[in-house]
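A closer look at the structure
Spelled out, the chains give:
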Amino acid sequence: MEELRNKYLDLIARAADEATIEDVRVAALGKKGEVALKMRELGGMSPEERQIMGPALNALKDEINTALTAKKAALADAALDERLRSEWLDVSLPVRPRRMGTIHPISQVTEEVMAILADMGFAVAEGPQIESDWYNFDALNMPSHHSARAEMDTFYMKTPAGSKEPPAVLRTHTSPVQIRALEKNGAPIRVIAPGRVYRADYDQTHTPMFNQVEGLCIDKNVSMANLKWVLEEFLSAYFGKRVKTRFRASHFPFTEPSAEVDVQCQWNNGYVTVGEGNDWLEILGSGMVHPKVLQNAGVDPKEWQGFAFGIGIDRIAMLKYGIPDLRAFFDSDLRWLRHYGFAALDVPTLHGGLSR
Ligand code: PHE
C-alpha cells in the first residue's frame, strides 16, 4: 500500500501535462488499474483483514484522486499564467501612424457651392451623365441644325445598329437637368444641379471632363435683377470677399437675355489670384430662361419666368485655391492631391467657414 501510494503520488507530482495526468489516473484507478486490482483481492481475504484493507484502499483511492484534481488545477493555472505572460499587450501604446486620404478640391468646392446656395433656398437636383439628344440639345432650344451644337465639341455615344434615334451624348453641360427638374416638380422651382460634363477640349483651362453646377429659379416675377443679386451674393460668399465681376451680354439658345460672368484675377508666374489685377476669367453663363425651354418642360411661359446659370466648378476651384492648371485636377498625382486636398473633417458650412 505504502509503495503504491508513493509511486502514484510521485508520478502525479512529476506529471507535466494533462495527458500524463490522465495516463496516471487510468494506471491507478482505471478498471484495470493497480488500485482496482487490489480492491478485487479483498474478496479472497479474511473478514478481519478485509476490515483493515477495505478502508485503507478506499482512503488510498481518495488520496490519489485528490492529488490528481489538485495537480490538474495547478497545471491549468500555470498554463494561464504562461499565456498572460506571452500574450501581453500594451493597450496604452499610440497607434501606428497611417497615411490619410484627402478630399479632392472639386468635391470640397462642390460642397462649398451647395452650402451657399442651399442657404438661399436651392435644393439639389440630378440628371444622368449619358444624356439623350433631346434633353441635352433640343429641349434647350438647340435644334440639330443649330450652330451652338457645333461649338460644344460633343462626345457622341454609339447608336445601336438600325436605330432611327439620334445618338445619346455625354452631356455637354448641366442644363438638361433644368428640363428634368421642371418635368418632375413643375413651377415654382429653385434647384441647383452639380455634376460632371464632357467636351472634346484640352488645354490649361479645359479638360474633356469637367464640372458644372446648374442653377434654376422659376417663379411668377423672378427677374434679371434677382439673378444678378444671387450671383454676386454667391461669389462674395464663395471667395470670402467682394470680388469684381464683369457681366457681359452674351448668347445662349436657352436663355434670353443672356450674360456671361467673369471674375477679376491676376496671373503671376502661372499662378492665379482672384480679386486683383487686370485679367478676367470666365466662370459662368446665365440668363433668363427662354420661353421655349419652359414650354418644352411643360411649364407655361405666360405664367412663369425665371433665371438659370451654369458655373464652372473647376474654374472657381482654380481661382480660390490658386491652382494654375486644370489638367492636374484629373492626373491623380498623389503629391498634388496631398498638397491641394482637404482634411476629411473639414466639411464646409456657412457657420463653420467654407474652408480652411
Ligand atoms: N449651359 C451653359 C454652358 O455650359 C451655361 C449656362 C447655363 C448658360 C444656364 C445660361 C444658363 O456653357
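Up top is the structure.
Everything quoted here is computed from the prediction, not taken from an experiment.

Side note on the overall build of the protein chain
Counting its regular elements, the protein chain contains 12 helices and 10 strands. For 356 residues, the compact-globule estimate of 2.2 N^0.38 gives 21 Å, and the C-alpha radius of gyration of the protein chain, at 42 Å, exceeds that figure by more than 25%. The principal-axis extent of the C-alpha atoms belonging to the protein chain is close to 130 × 55 × 40 Å. Expressed as a percentage of the 356 residues in the protein chain, the buried residues total 42%. Contacts in the protein chain between residues far apart in sequence, at least 24 positions, make up 65% of those at least 6 positions apart. As displayed, the protein chain has an accessible area near 20,200 Å², and 53% of this comes from carbon and sulfur atoms. Within the protein chain, the 48 negative side-chain charges are centred at a point lying 2 Å from the centre of the 41 positive side-chain charges.

Topic: the side chain of His 173
Topologically, His 173 is positioned in the loop between strand 3 (169-170) and helix 8 (176-185). Taking the relative accessible area as the measure of exposure, His 173 reaches 3% and is therefore buried. A distance of 3.0 Å separates a polar side-chain atom of His 173 from the backbone oxygen of Asn 136.

Quick look at the packing of helix 9 (residues 224-239) against helix 11 (residues 313-321)
Following both chains from N to C, one finds helix 9 and helix 11 inclined at 45 degrees, their axes separated by 11 Å at the closest point. As judged from the angle between their axes, helix 9 and helix 11 are oblique. Facing Phe 234, Tyr 238 and Phe 239 of helix 9, the residues of helix 11 in contact are Ile 316, Ala 317, Leu 319, Lys 320 and Tyr 321. Taken together, the residues of the contact of helix 9 with helix 11 break down into seven nonpolar, no polar and one charged.

With respect to unusual backbone geometry
Generally, phi is negative for residues other than glycine and the peptide bonds are trans, each holding for most cases. Here the residue pair Ala 187 and Pro 188 is connected by a cis peptide bond, since its omega of 0 degrees sits within 30 degrees of zero. Tracing the backbone through its elements, the reader meets Pro 188 in the loop between helix 8 and strand 4 (189-198). Cis geometry marks the peptide bond from Glu 256 to Pro 257, where omega comes out at -5 degrees. Mapped onto the fold, Pro 257 is located in strand 7 (residues 255-268). One non-glycine residue, Ser 332, lies in the positive phi region at around 55 degrees. One can find Ser 332 in the loop between helix 11 and helix 12 (334-340).

Notes on the nonpolar core
Counting 47 residues, the largest nonpolar core has Leu 117, Phe 234, Phe 239, Phe 307, Ile 316 and Leu 319 as the members making the most contacts within it. Of all the elements, helix 9 adds the most residues to this core, at seven residues. Residue contacts for Phe 239: discarding those within four places in its chain leaves Val 263, Val 274, Ile 316, Leu 319 and Lys 320. The next biggest cluster of nonpolar side chains, apart from the first, holds 27 residues, and it includes Tyr 135, Ala 193, Val 289 and Val 299.

Some points on the packing of aromatic side chains
For the structure shown, the criterion picks out nine aromatic pairs. Note on Phe 234 and Tyr 238: the rings are 6.0 Å apart at their centroids and 15 degrees apart in plane angle, and the pair reads as stacked. Of the two residues, Phe 234 and Tyr 238 both sit in helix 9, four residues apart, roughly one turn of that helix. Residue classification places Tyr 238 among the buried residues on the basis of a relative accessible area of 1%. Residues Phe 329 and Phe 330 carry aromatic rings whose centres are separated by 5.9 Å and whose planes lie at 40 degrees to one another, so their mutual orientation is tilted. Residue class for Phe 330 comes out partly exposed when judged on its relative accessible area of 30%. Put simply, the rings of Phe 329, Phe 330, Trp 336 and Tyr 340 touch in pairs and so form one group of aromatic residues. The ring of Tyr 135 carries the charged tip of Arg 180 above its face, separated from the ring centre by 3.9 Å.

Observations regarding the pattern of salt bridges
Applying the stated rule across the entire model yields 17 salt bridges. In this structure, the salt-bridge partner of Arg 83 is Glu 87, at a minimum N-O distance of 3.3 Å. A salt bridge links Arg 246 to Asp 262; the nearest nitrogen and oxygen atoms lie 2.9 Å apart. Here Arg 246 is found in strand 6 (residues 245-252), whereas its partner Asp 262 is found in strand 7, with 16 residues between them in sequence. Relative accessible area serves as the criterion here: at 33%, Arg 246 is assigned to the partly exposed category. Connected through shared salt-bridge partners, Arg 246, Arg 248, Glu 260 and Asp 262 make up one network.

A closer look at helix 11
Most of helix 11 sits out of view: eight of its nine residues are buried. A positive phi of about 60 degrees marks Gly 322, the residue just after helix 11.

Thoughts on the environment of His 290
Tracing the sequence through the fold places His 290 in the loop between strand 9 (279-289) and helix 10 (291-296). When the C-alpha atoms of His 290 and Arg 83 are compared, they prove to be 79 Å apart, with 207 residues separating the residues in sequence. Residues within four places of His 290 in sequence aside, it is in contact with Asn 141, Pro 253, Phe 254, Thr 255 and Glu 256. Within the structure, the side chain of His 290 is placed 3.0 Å from the backbone nitrogen of Lys 292, a separation counted as a polar contact.

Here is what the cut-offs are and how they apply
- Residues numbered from 1 in each chain as written.
- Predicted model: local features only at pLDDT ≥ 70, side-chain atom pairs only at ≥ 80, totals over all residues.
- Heavy atoms only, no water.
- Helix = DSSP H or I, 4+ residues; strand = E, 2+ residues; numbered from the N terminus.
- Rg over C-alpha atoms; globule rule 2.2 N^0.38 Å.
- Buried < 20%, exposed > 50% of the residue type's maximum accessible area, 1.4 Å probe, protein only.
- Contact = heavy atoms within 4.5 Å.
- Areas by Shrake-Rupley, 256 points an atom, 1.4 Å probe, with all protein chains shown as cover.
- Lys, Arg positive; Asp, Glu negative; His and termini not counted.
- Charge placed at Lys NZ, Arg CZ, Asp CG, Glu CD.
- Polar contact = N/O pair within 3.5 Å; in protein donor to acceptor, adjacent residues only side chain to side chain.
- Axes fitted to C-alpha atoms, helices over the stretch in contact; angles between N-to-C directions.
- Parallel < 35°, antiparallel > 145°, perpendicular 65-115°, else oblique.
- Nonpolar A, V, L, I, M, F, W, Y, C, P; charged D, E, K, R; others polar.
- Core = buried A, V, L, I, M, F, W, Y, C linked by side-chain atoms within 4.5 Å.
- Phe/Tyr/Trp six-rings, centres within 6.5 Å; stacked < 30°, edge-to-face > 60°.
- Lys NZ or Arg CZ within 6 Å of the ring centre and 35° of its normal.
- Salt bridge = Lys/Arg side-chain N within 4 Å of Asp/Glu carboxyl O.

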